[in-house]
Amino acid sequence: GNMVEWCLPQDIDLEGVEFKSMASGSHKIQSDFIYFRKGLCFGLACFANMPVESELERGARMKSVGILSPSYTLLYRYMHFLENQVRHQLEMPGHYSHLEAFYDDKKGVLPDSKGTPTSQQPVHWLPSIHRYMYPEMKITHPAGCMSQFIKFFGEQILVLWKFALLRKRILIFSPPPVGVVCYRVYCCCCLANVSLPGLGGTVPESKPFFYVNVADIEMLETEVSYVACTTEKIFEEKRDLYDVYVDNQNVKTHHEHLQPLLKINNADKEKYRRLNDQRQMLMYSQEVGEDCSSCEEDLFILFFMEQNNRIFQTLMEVSASQDKTLTADHARGMGLDPQGDRSFLLDLLEVYGIDVMLVIDNPCCT
């Protein structure tokens, strides 16, 4: 089995981290990287696999070198260092001087393992939409992957958007390598960003758990909302652990009341068309040199944030009105399909505790 070979500080609780930092099935690939969550901290580890002529090691030496941090947004900066170090550890096992120097240089005060009150915890996954803060941002950082995410899922992204906004438990399955799948977890969380003040203090936080395995089952049983990925097919059978299961591009749910959300409606198609139009305009403006400061990732994040803000702004205005009646015109104004998004709207009102009356009837003769 996996084992922790070396760590600093030596008194830190790393129970289970040996399975989080090396995905199941990694023996089939040469290298990978993996994001994971350990308590209140986030981790990034780089994995490498090297053939060796050793019966004791069964012909292969596999190691992961990783770091833990209270936030994952800057972990990408150390990806190159970790990749070099895992190669170094494969070729020269037991030489930790570079890792010791790195720790002494970067160490900070980690949060108390008992945790702090939720209200004081920063929301680590909220992305920066100011590109200048991350001048070296590229695909090796989770925030540099939104365009690949949308190309991969196509119109299905609107299905994921609804589930993310409803704070469902979303589990993404894929065989290794798992690095790019960790990015999909991050992107799913970004779909649910809302920047309106005072919205839903009781709404569960959408947590990116990144990579999870069977050792995390007990922890997942207590979560009411999360987005995670796994390489372990056994999870598909454990339906009480998730609401939405994503197998490559196939999004499915075993909850009957969520089934209508799997269908792409006309409003979804219109949103996807607008998103692609904006993307084409951005690419054109960059080609002709008019706008080099805009970033495709910013565009995607802002697109969904503005869409979410419009929905909640309308819902809050209606709930503050005298008759509290939400009509088909309101739904269209929010960019939703009055019929196709009826069950989505009902769920949304319940999850966020918004007091309005929906008067959009189901069609009978249309």
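Under an unreviewed UniProt entry, the chain has the name DENN domain-containing protein 11 and belongs to Nycticryphes semicollaris. Quoted verbatim from the Sequence similarities (unreviewed entry) heading of the UniProt record, the comment on the chain is "Belongs to the DENND11 family."

## A closer look at the overall build of the chain
A tally of regular secondary structure across the chain gives 11 helices and 10 strands. Put simply, 65% of the contacts in the chain that link residues at least 6 apart link residues at least 24 apart. As displayed, the chain has an accessible area near 18500 Å², and 52% of this comes from carbon and sulfur atoms.

## What to know about the pattern of salt bridges
Pairs may arise between side chains of opposite charge once their charged atoms sit close together. Taken as a whole and assessed by the stated rule, the structure comprises 15 salt bridges. Here Glu5 ties to Lys63 by a salt bridge, and the two come within 2.5 Å at their closest N and O atoms. One end of the pair, Glu5, is in the segment before helix H1 (17-20); the other, Lys63, is in strand E3 (residues 60-69), and 58 residues separate them in sequence. Judged by its relative accessible area of 41%, Glu5 falls in the partly exposed class. Residues Asp329 and Arg332 are paired through a salt bridge, measuring 2.9 Å at the closest nitrogen-oxygen approach. Highlighted residues: Asp329 and Arg332, both in helix H10 (residues 328-333), separated by 3 residues, approximately one helical turn. With a relative accessible area of 55%, Asp329 lands in the exposed category.

## Here's the deal with the nonpolar core
Counting residues in each nonpolar core, the largest one holds 93 residues, and the members touching the most others are Tyr35, Phe149 and Leu315. Both of domain 1 (17-99) and domain 2 (139-316) provide at least three residues apiece to this core. What Leu315 contacts, discounting residues up to four positions off in sequence, is Leu326, Met334, Leu345, Leu348, Leu349, Ile354 and Val356. Counting residues in each nonpolar core, the second largest holds 12 residues, with Leu220, Tyr226, Tyr242 and Tyr245 among its members.

## Some details on the environment of Ser71
Looking at where Ser71 falls in the secondary structure, it is placed in the loop between E3 and helix H2 (79-91). Side-chain polar atoms of Ser71 contact the side chain of Thr73, separated by 3.0 Å.

## Observations regarding the packing of helix H4 (residues 146-153) against helix H9 (residues 296-320)
Remark: H4 packs on H9, axes separated minimally by 8 Å, with the N-to-C direction vectors making an angle of 65°. Classified by the angle their axes make, H4 and H9 are roughly perpendicular. Contacts between H4 and H9 pair Met146, Ser147 and Ile150 from the former with Glu296, Glu297, Phe300, Ile301 and Phe304 from the latter. Across the contact of H4 with H9, the residue classes break down as 5 nonpolar, 1 polar and 2 charged.

## A look at the pairing of strand E6 (residues 226-230)
For E6, the tally of buried residues reaches 5 of 5 residues, placing the bulk of the element in the interior. Covered by surrounding structure in E6 are Tyr226, Ala228 and Thr230 together with Val227 and Cys229, the residues of both alternating faces. Sheet topology places strand E4 (residues 169-173) next to E6; 5 bridges connect them, and they run parallel. Directly across from Leu171, in E6, lies its bridge partner Ala228. In terms of strand pairing, strand E5 (residues 208-211) meets E6 through 3 bridges, oriented parallel. From the neighbouring strand, Tyr211 faces E6, where its bridge partner is Cys229.

## Examining the packing of aromatic side chains
For the structure shown, the criterion picks out 19 aromatic pairs. Ring centres of Phe312 and Tyr352 lie 4.6 Å apart, and the angle between their planes is 55°; on these two criteria the pair is classed as tilted. Of this pair, Phe312 sits in helix H9 while Tyr352 is found in the loop between helix H11 (342-351) and strand E10 (357-358), placing the two residues 40 residues apart along the sequence. In this pair, the class of Phe312 matches that of Tyr352, namely buried. Three or more aromatic residues joined by ring pairs form one cluster here, namely Phe33, Tyr35, Phe42, Tyr72, Tyr183, Tyr186 and Phe210.

## Side note on helix H8 (residues 266-287)
For H8, with 22 residues, the first-to-last C-alpha span of 31 Å sits near the 32 Å given by 1.5 Å per residue. Of the residues making up H8, those classed as buried are Ala267, Asp268, Lys271, Tyr272, Leu275, Arg279, Leu282 and Ser285. Viewed end-on, H8 has its buried residues packed into an arc of 150°, placing them on one side of the element. Set apart from the buried face of H8 by more than 90 degrees, the exposed residues are Asn266, Met281, Tyr284 and Glu287. Where H8 is buried, its residues contact H4, helix H5 (157-165) and H9. The opening residue of H8 is Asn265, an N-cap whose side-chain oxygen sits 3.0 Å from the backbone nitrogen of Ala267.

## So, the pairing of strand E1 (residues 31-38)
Among the 8 residues that make up E1, 7 are buried, leaving the element largely enclosed by the rest of the structure. The sheet contact formed by E1 and strand E2 (residues 41-51) spans 8 bridges and is antiparallel. Across the sheet, residue Ile34 finds its bridge partner in E2, namely Ala45. Turn length for the E1-E2 hairpin, with the two strands adjacent in sequence and antiparallel, is 2 residues, and the turn residue Gly39 shows positive phi of about 60°.

## Focus on the state of the cysteines
According to the stated counting rule, one finds 0 disulfides in the structure shown. For the unlinked cysteine Cys229, the closest cysteine sulfur is that of Cys182, found at 4.0 Å. Assessed through its relative accessible area of 0%, Cys229 is described here as buried.

Conventions adopted
Residues numbered from 1 in each chain as written. Predicted model: local features only at pLDDT ≥ 70, side-chain atom pairs only at ≥ 80, totals over all residues. Heavy atoms only, no water. UniProt positions renumbered as here; feature names shortened; annotations may be inferred. Helix = DSSP H or I, 4+ residues; strand = E, 2+ residues; numbered from the N terminus. Contact = heavy atoms within 4.5 Å. Areas by Shrake-Rupley, 256 points an atom, 1.4 Å probe, with all protein chains shown as cover. Salt bridge = Lys/Arg side-chain N within 4 Å of Asp/Glu carboxyl O. Buried < 20%, exposed > 50% of the residue type's maximum accessible area, 1.4 Å probe, protein only. Core = buried A, V, L, I, M, F, W, Y, C linked by side-chain atoms within 4.5 Å. Domains from an automatic or database assignment. Polar contact = N/O pair within 3.5 Å; in protein donor to acceptor, adjacent residues only side chain to side chain. Axes fitted to C-alpha atoms, helices over the stretch in contact; angles between N-to-C directions. Parallel < 35°, antiparallel > 145°, perpendicular 65-115°, else oblique. Nonpolar A, V, L, I, M, F, W, Y, C, P; charged D, E, K, R; others polar. Pairing = 2+ DSSP bridges. Phe/Tyr/Trp six-rings, centres within 6.5 Å; stacked < 30°, edge-to-face > 60°. Expected span 1.5 Å × (residues − 1). Arc of directions from axis to C-beta. Disulfide = S-S within 2.5 Å.

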